[in-house]
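Residues per chain, in single letters:
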Amino acid sequence: DQQVKQNSPSLSVQEGRISILNCDYTNSMFDYFLWYKKYPAEGPTFLISISSIKDKNEDGRFTVFLNKSAKHLSLHIVPSQPGDSAVYFCAATLLGVGNEKLTFGTGTRL
Amino acid sequence: DVKVTQSSRYLVKRTGEKVFLECVQDMDHENMFWYRQDPGLGLRLIYFSYDVKMKEKGDIPEGYSVSREKKERFSLILESASTNQTSMYLCASSQRQGFFVSQPQHFGDGTRLSIL
């Protein structure tokens, strides 16, 4: 049972426009969410995260929005650049010592 | 910078062989993880370890075992390799998580394993 879902396997956006990547989760216990970016032949790298006590977190061109009632988060990239072409994974976890496990989505290729 | 090093980028083995994948991290992280990445399935957790000699099953542990004898090293073992274990294997490490923030996991570049 996929607890974290990314329903768009791929997304195509023009340079300079906004990229919006979506992620849905089913487990209401998740209280921390992360986005990772992966280039071919490299491991994923951490991009940005958000705690469930917030609804928005911004870091430069990257903003993550969290809608807890809808169990939905999104990653906005503005403006999009050619170097942003990669696979993006969202991940969710439970905070607290001993809960270090991440549950990943299936990824969206931008 | 955190460095997670996987011993091989590419590996080809035969069905039935015992296969060892090695991972070393240099940042004194408590936690280490093994994932496999398959098209359309994302990253799936095989095993993780939160301390030396400790291990926990992930979502897909069948057919695998792990060993963590030293803090910096985490090994994944395929006891008897099968063709359905052909995949990209990724190792990661992280600091111990707190109650208010999750420590990001740092990944190696992966081992592409083919079982013939």
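Check the entry above for the structure.
In this report, the structure presented in the accompanying data block is examined. (Residues numbered from 1 in each chain as written. Chains lettered and ligands numbered in written order. Predicted model: local features only at pLDDT ≥ 70, side-chain atom pairs only at ≥ 80, totals over all residues. Heavy atoms only, no water.)

## Comments concerning a nonpolar patch on the surface
- A cluster of nonpolar side chains, contributed by Ile18, Ile20 and Val78 of chain A, occupies part of the molecular surface with about 230 Å² of accessible area.
- As for its position among the elements, isoleucine 20 of chain A is in strand β2 (residues 19–25). (Patch = residues over 30% accessible without salt bridge, like charges linked within 9 Å, V, L, I, M, F, W, Y side chains within 5 Å. Areas by Shrake-Rupley, 256 points an atom, 1.4 Å probe, with all protein chains shown as cover. Salt bridge = Lys/Arg side-chain N within 4 Å of Asp/Glu carboxyl O. Helix = DSSP H or I, 4+ residues; strand = E, 2+ residues; numbered from the N terminus.)

## Remarks on the state of the cysteines
Residue and element names in this part refer to chain A.
- The final tally for this structure, using the stated rule, is 2 disulfides over all chains.
- A sulfur-sulfur distance of 1.9 Å marks the disulfide that ties cysteine 23 to cysteine 90. Given an S-S torsion of about 65°, the disulfide between cysteine 23 and cysteine 90 has right-handed geometry. Placement of cysteine 23 in strand β2 and of cysteine 90 in strand β8 (residues 87–93) is noted, with a sequence separation of 67 residues between them. Of the two residues examined, cysteine 23 and cysteine 90, each falls in the buried class. (Disulfide = S-S within 2.5 Å. Buried < 20%, exposed > 50% of the residue type's maximum accessible area, 1.4 Å probe, protein only.)

## Re the pattern of salt bridges
- This structure, assessed with the given rule, holds 9 salt bridges over all chains.
- With its nearest N and O atoms 3.7 Å apart, the salt bridge here joins lysine 18 of chain B to glutamate 79 of chain B. Note that lysine 18 of chain B is positioned in the loop between β2 (10–13) and β3 (19–25) and glutamate 79 of chain B in the loop between β8 (73–78) and β9 (87–94), a separation of 61 residues in sequence.
- For glutamate 79 of chain B, a relative accessible area of 40% corresponds to the partly exposed category.
- Notably, a salt bridge pairs aspartate 28 of chain B with lysine 71 of chain B, separated by 3.1 Å at the nearest N-O pair. A residue pair is termed long-range when its members are at least 10 positions apart, and aspartate 28 of chain B in the loop between β3 and β4 (31–38) and lysine 71 of chain B in the loop between β7 (64–70) and β8 qualify at 43 residues.
- Classification of lysine 71 of chain B as partly exposed rests on a relative accessible area of 26%.
- One continuous salt-bridge network, built from bridges that share partners, spans Lys37, Arg61 and Asp84 of chain A.

## So, the sheet that holds β8 of chain B
Residues and elements named next belong to chain B.
- Spatially, β1-β3-β8-β7 is the arrangement adopted by the 4 strands of the open sheet, whose pairing is antiparallel. A strand with exactly one partner marks an edge of an open sheet, and here the two such strands are β1 (4–6) and β7. Each adjacent strand pair in this sheet contributes to an overall mean axis angle of 20°, direction not counted.
- When β3 meets β8, the two strands line up antiparallel, connected through 6 bridges. What sits directly across from phenylalanine 20, in β8, is isoleucine 77. (Pairing = 2+ DSSP bridges. Axes fitted to C-alpha atoms, helices over the stretch in contact; angles between N-to-C directions.)

## Some thoughts on the sheet that holds strand β6 (residues 62–67) of chain A
- In spatial order, the strands read β1-β2-β7-β6-β5 (chain A); together these 5 strands make up an open sheet with antiparallel pairing. Lying at the two open borders of the sheet, with one neighbouring strand each, are β1 (4–5) and β5 (56–59) of chain A.

## Examining the packing of aromatic side chains
- Across all of its chains, the model carries 12 aromatic pairs over all chains by this definition.
- Ring geometry for phenylalanine 104 of chain A against phenylalanine 107 of chain B: centres 6.2 Å apart, planes inclined by 75°, an arrangement best described as edge-to-face. Here the residue phenylalanine 104 of chain A occupies a position in strand β9 (residues 103–104), and phenylalanine 107 of chain B occupies one in strand β10 (residues 106–107), the pair thus bridging two chains.
- Feature note: the residues Tyr36, Phe46, Phe89 and Phe104 of chain A together with Phe33, Tyr35, Phe48 and Phe107 of chain B constitute an aromatic cluster, connected by ring pairs. (Phe/Tyr/Trp six-rings, centres within 6.5 Å; stacked < 30°, edge-to-face > 60°.)

## Here's the deal with the interface of chain A and chain B
- Across the boundary between the two partners, chain A contributes 22 residues, which contact 25 residues of chain B.
- Note on chain A versus chain B: buried area summed over both sides is about 2100 Å², and carbon and sulfur give 60% of it.
- A per-residue breakdown of the area chain A buries against chain B is headed by Glu100, Lys101 and Phe104 of chain A, which together make up 28% of the total.
- For the interface between chain A and chain B, the tally reads 1 salt bridge.
- With its nearest N and O atoms 3.4 Å apart, the salt bridge here joins aspartate 59 of chain B to lysine 101 of chain A.
- There are 5 residue pairs in polar contact (both at pLDDT 80 or more) connecting chain A and chain B.
- Looking at the side of chain A that touches chain B, the element that brings in the most residues is strand β3 (residues 32–38) of chain A, giving 4 residues. (Contact = heavy atoms within 4.5 Å. Buried area = accessible area lost by both parts, 1.4 Å probe. Polar contact = N/O pair within 3.5 Å; in protein donor to acceptor, adjacent residues only side chain to side chain.)

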